[in-house]
Amino acid sequence: MILSKKNKIARFIWNIAYYILFRPFPSKIFNPWRKFLLRLFGAKLKKGSGVYSSCKIWAPWNLVLEENAWLGPYVDCYNVALVKLGANATVSQKSYLCTASHDIYDKNHPLIASPIIIEQKAWVAADAFINMGVTIGKGAVVAARAVVVKDVEPWTVVGGNPAKFIKKREIKE
């Protein structure tokens with residue numbers, strides 16, 4: 001995968017906007033302003049969604065947040081490919097969403113990318129790493145500091161490095 005000249009120019013312009021117009025406005029009252037900027041650069045953001053000012057977004061045009069989905073403080077969203085959060089999904093502070101890597105089987109180690117999908121009502125806890133191509137199932141929980149390299153089944157709790165099944169998640173009424 002070779003990034004186009006258009007992509008590189010867009011990233012350059014986005015980085016200027018990020019540091020001058022996005023990052024300096026940390027209060028939650030500026031969330032509408034940050035959403036406006038992200039939409040201006042192609043992000044698809046629904047009502048009630050949000051991104052903290054300290055969150056790093058690599059490519060807003062590859063970001064989709066459904067209703068009430070949030071990227072928390074200091075989340076690093078390296079979204080060379082699509083990152084999509086379903087309704088009421090949360091990615092907590094200092095987590096890393098990594099949609100790209102290098103092909104270790106090719107002598108030239110070209111860049112490869114694959115989307116990350118975090119389905120509705122899922123929660124990625126603090127300082128977790130989510131690898132490219134992973135889907136976090138509906139209602140699943142990724143424990144703090146987990147390293148997720150494979151899909152997570154709906155309504156399960158996973159944790160560790162690499163993340164493993166811990167238990168089923170059951171919502172008490």
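In what follows, the structure referred to is the one given above.
To start, this report covers the structure provided alongside it. Here the structure is a predicted model, which is why all the values come from computation and not from measurement. (Residues numbered from 1 in each chain as written. Predicted model: local features only at pLDDT ≥ 70, side-chain atom pairs only at ≥ 80, totals over all residues. Heavy atoms only, no water.)

**Structural notes on helix H2 (residues 31-40)**
Logical step 1: Of all the positions in H2, only Asn31, Arg34, Lys35, Leu37 and Leu38 are classed as buried. Across the axial projection of H2, the buried residues extend over an arc of 160°, all falling on one side. In H2, the exposed positions that point more than 90 degrees away from the buried face belong to Pro32 and Leu40.
Logical step 2: Residues of H2 that are buried make contact with helix H1 (5-22), strand E1 (44-45), strand E2 (50-51), strand E3 (56-57) and strand E5 (70-71).
Logical step 3: Two residues or fewer past H2, Gly42 is found with a positive phi of approximately 100°. (Buried < 20%, exposed > 50% of the residue type's maximum accessible area, 1.4 Å probe, protein only. Helix = DSSP H or I, 4+ residues; strand = E, 2+ residues; numbered from the N terminus. Arc of directions from axis to C-beta. Contact = heavy atoms within 4.5 Å.)

**Concerning the sheet that holds E3**
Logical step 1: Spatially, five strands are ordered E3-E6-E9-E14-E17 in an open sheet, and the strand pairing comes out parallel. Each of the sheet's edge strands pairs with one partner strand only, and the pair in question is E3 and strand E17 (147-148).
Logical step 2: Two strands pair when backbone bridges link them, and strand E9 (residues 96-98) and strand E14 (residues 129-130) are joined in this way by two bridges, in the parallel orientation. From the neighbouring strand, Tyr96 faces E14, where its bridge partner is Phe129. (Pairing = 2+ DSSP bridges.)

**Here's the deal with the sheet that holds strand E4 (residues 63-65)**
The strands making up a sheet associate through hydrogen bonds between their backbones, and the pairing can be parallel or antiparallel.
Logical step 1: One open sheet accounts for five strands, arranged E1-E4-E7-E12-E15; its pairing is parallel. The strands lining the two open edges of the sheet, one partner per strand, are E1 and strand E15 (135-136).

**Re the side chain of Asn7**
Logical step 1: For Asn7, the location among the structural elements is in helix H1.
Logical step 2: Asn7 gets classed as buried once you look at its relative accessible area, which sits at 16%.
Logical step 3: Excluding residues that lie within four positions of it along the chain, Asn7 makes contacts with Trp58 and Trp61.

**Description of the pairing of strand E18 (residues 156-159)**
Logical step 1: Here E18 shows no split at all, with Thr156 and Val158 on one side and Val157 and Gly159 on the other all buried.
Logical step 2: Pairing geometry for E18 and strand E19 (residues 164-168), over four bridges, is antiparallel. Within E19, the position partnered with Val157 by the bridge is Lys167.
Logical step 3: Once E18 ends, the chain turns through four residues before running back antiparallel as E19, passing Gly160 with a positive phi of about 105°.

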